[in-house]
Amino acid sequence: MLKEFKAFILKGNVIDLSTGVIIGAAFTGIVTAFSKGIVEPLLALFGGGPSPKLTIPIKETMVEVAKLGADGKPVIESGKAVMETVPKIIELDLGLIVGAVISFLITAAVVFFVIVKPINKLMALTKKKEAEAPPPAPAADIVLLTEIRDLLKK
């Protein structure tokens with residue numbers, strides 16, 4: 001069982017997968033910064049506000065929330081918070097989806113062009129060198145048998 005586990009761990013696919021996970025985790029910070037610094041402001045241009053909200057309102061409903069005082073804290077009477085009914089809009093946030101898709105595409109592009117493409121080129125060069133290498137010389141017994149065959153033909 002231990003030998004099988006060792007063979008599994010040393011397979012190329014497992015190493016490739018673990019490398020991809022590590023690189024992806026490290027790259028998350030860069031993608032997040034790009035999304036917050038560039039993508040979200042561009043979405044805000046289309047969404048019409050300082051925050052990138054591309055939303056589709058579905059329904060307006062009334063909800064109960066704690067009433068806030070002038071200091072921003074809940075108003076408390078008789079040991080309980082005073083409740084008030086306020087309108088709330090239920091909406092679909094398309095900006096969130098667009099931002100996630102853009103982040104995914106950026107991550108995929110960088111991983112492809114920085115990791116996959118160079119590795120594929122390196123592998124192609126390695127295979128090309130192997131193909132160009134001359135075939136190994138035949139064994140001594142094969143050479144001897146070939147000479148005997150040629151002498152018998154004469």
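The rules we used
Residues numbered from 1 in each chain as written. Predicted model: local features only at pLDDT ≥ 70, side-chain atom pairs only at ≥ 80, totals over all residues. Heavy atoms only, no water. Helix = DSSP H or I, 4+ residues; strand = E, 2+ residues; numbered from the N terminus. Buried < 20%, exposed > 50% of the residue type's maximum accessible area, 1.4 Å probe, protein only. Contact = heavy atoms within 4.5 Å. Salt bridge = Lys/Arg side-chain N within 4 Å of Asp/Glu carboxyl O. Phe/Tyr/Trp six-rings, centres within 6.5 Å; stacked < 30°, edge-to-face > 60°. Patch = residues over 30% accessible without salt bridge, like charges linked within 9 Å, V, L, I, M, F, W, Y side chains within 5 Å. Areas by Shrake-Rupley, 256 points an atom, 1.4 Å probe, with all protein chains shown as cover.

Student: Give me the overall build of the protein chain: which residues, what numbers.
Tutor: Scanning the protein chain from N- to C-terminus turns up four helices and four strands. Listed by position from the N terminus, the elements making up the protein chain come as α-α-β-β-β-β-α-α. Counting every position in the protein chain, which comprises 154 residues, the buried fraction comes to 6%. Put simply, 53% of the contacts in the protein chain that link residues at least 6 apart link residues at least 24 apart.

Student: A description of the pattern of salt bridges should follow, citing residues and the corresponding values.
Tutor: Any two side chains of opposite charge can pair, on the condition that their charged atoms come close. For the structure on display, the rule yields one salt bridge. Between D150 and R149 there is a salt bridge whose closest N-O contact spans 3.2 Å. Given a relative accessible area of 45%, R149 falls into the partly exposed group.

Student: If you had to explain the packing of aromatic side chains to someone new, which residues and values would you point to?
Tutor: Applying the stated criterion across every chain yields a total of one aromatic pair. Plain terms: the ring middles of F112 and F113 are 5.0 Å apart, the flat faces sit at 80 degrees to each other, and that makes the pair edge-to-face. The exposure class assigned to F112 is partly exposed, which follows from its relative accessible area of 35%. Exposure remark for F113: the relative accessible area of 57% places this residue in the exposed category.

Student: Just give me the short version of a nonpolar patch on the surface, but keep the residues and values in it.
Tutor: A cluster of nonpolar residues, I56, I58, I90, L92, L94, I97, V101, F104 and L105, forms a patch on the protein surface that exposes about 840 Å² of accessible area. Among the elements that take part in the nonpolar patch, helix α3 (residues 94-132) stands out by supplying five residues, more than any other. The class for I90 is partly exposed, based on a relative accessible area of 40%.

Student: Residue-level account of the environment of P41, with values.
Tutor: In this structure, P41 sits in helix α2 (residues 12-47). Residue class for P41 comes out partly exposed when judged on its relative accessible area of 38%. Setting aside residues no more than four positions away along its own chain, P41 makes contact with S35 and K36.

Student: Give a description of the environment of T85 that names residues and reports values.
Tutor: For T85, the position within the fold is in strand β4 (residues 83-93). Note: C-alpha distance between T85 and V65 (20 residues apart in sequence) is 6.4 Å. Every residue in contact with T85, bar those within four places of it in the chain, is listed here: M62, V63 and E64.

Student: Can you explain unusual backbone geometry? Please cite residues and give values.
Tutor: Despite not being glycine, S78 has its phi angle at roughly 55 degrees, a positive value. Along the chain, S78 turns up in the loop between β2 (76-77) and β3 (80-81).

Student: Give me the lowdown on the environment of V98, citing residues and values where you can.
Tutor: Relative to the assigned elements, V98 resides in helix α3. On the basis of relative accessibility, which here comes to 32%, the residue V98 falls in the partly exposed class. On a C-alpha basis, the gap between V98 and V39 in space is 9.3 Å, while along the polypeptide they are 59 residues apart.

Note that every value here comes from positions in space, so none of it alone points to a role or purpose.
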